[in-house]
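For reference, the chains in residue letters:
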Amino acid sequence: QVQLVESGGGLVQAGGSLRLSCAASGRTNSEYAMGWFRQSPGKEREFVATADWTGGNTYYADFVKGRFTISRDNAKNTAYLQMNSLKPEDTAVYYCAGTTYYSGSRQLVDYDYWGQGTQVTVSS
């Protein structure tokens, strides 16, 4: 059983930056791919970014390309999401997730483990 805990969310003004962290505990596997998703009121949970087990192969949703960066430190069992140039529409609860599909995935159904989420609020 793997447990994921997100942190680093908060309130920022448009154009600001935040760095989210996702710490894993339990039966962690560094070869598992990681992903970040977000969910805002009235919307379904949507894909943000994913990285394979090496962290070298990444993919981003179109609406965050050039602004967000996913990374991981397997020695620390931690994944990160660096968010720059934040927009009010980025306001959401952000979730990290892990999947045994080692190449990563944009589909939330492929993920086996989920964190509790961390709130990101961007004011205009």
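Residues numbered from 1 in each chain as written. Predicted model: local features only at pLDDT ≥ 70, side-chain atom pairs only at ≥ 80, totals over all residues. Heavy atoms only, no water.

> Please explain the nonpolar core as it appears in this structure.
The nonpolar side chains of soluble globular proteins are, as a tendency, buried together. Counting residues in each nonpolar core, the largest one holds 29 residues, and the members touching the most others are Trp 36, Val 48, Phe 68, Leu 81, Met 83 and Tyr 94. Listed by contribution, the elements that provide at least two residues to this core are strand S1 (2–7), strand S3 (18–26), strand S4 (33–39), strand S5 (46–51), strand S7 (68–73), strand S8 (78–83), strand S9 (92–99) and strand S11 (118–123). If we skip the residues at most four places from it in the chain, Leu 81 touches Leu 18, Arg 19, Leu 20, Trp 36, Val 48, Ala 49, Phe 68, Thr 69, Ile 70 and Tyr 94. (Core = buried A, V, L, I, M, F, W, Y, C linked by side-chain atoms within 4.5 Å. Buried < 20%, exposed > 50% of the residue type's maximum accessible area, 1.4 Å probe, protein only. Helix = DSSP H or I, 4+ residues; strand = E, 2+ residues; numbered from the N terminus. Contact = heavy atoms within 4.5 Å.)

> Would you mind going over the sheet that holds S7 with me for this structure?
Strands belonging to one sheet form pairs held by backbone hydrogen bonds; the direction of such a pair is parallel or antiparallel. The strand order across the open sheet built from 4 strands is S1-S3-S8-S7, with neighbouring strands paired in antiparallel fashion. The sheet is open, and its two edges are formed by S1 and S7, each paired on a single side. Between one strand axis and the next, the sheet turns by 15° as a mean value, whatever way the strands run. Two elements, S1 and S3, share 6 bridges in a ladder whose sense is antiparallel. If you follow Ser 7 over to S3, its bridge partner there is Ser 21. (Pairing = 2+ DSSP bridges. Axes fitted to C-alpha atoms, helices over the stretch in contact; angles between N-to-C directions.)

> Please clarify how unusual backbone geometry should be interpreted in this entry.
Of all residues except glycine, most have a negative phi; of all peptide bonds, most are trans. One non-glycine residue, Asn 77, lies in the positive phi region at around 50°. By the element assignment, Asn 77 lies in the loop between S7 and S8. At Ser 85, a position not held by glycine, the phi torsion is positive, near 50°. Inspection of the secondary structure puts Ser 85 in the loop between S8 and S9. Since its relative accessible area comes to 40%, Ser 85 is described here as partly exposed.

These values are about where atoms sit, not about what they do.
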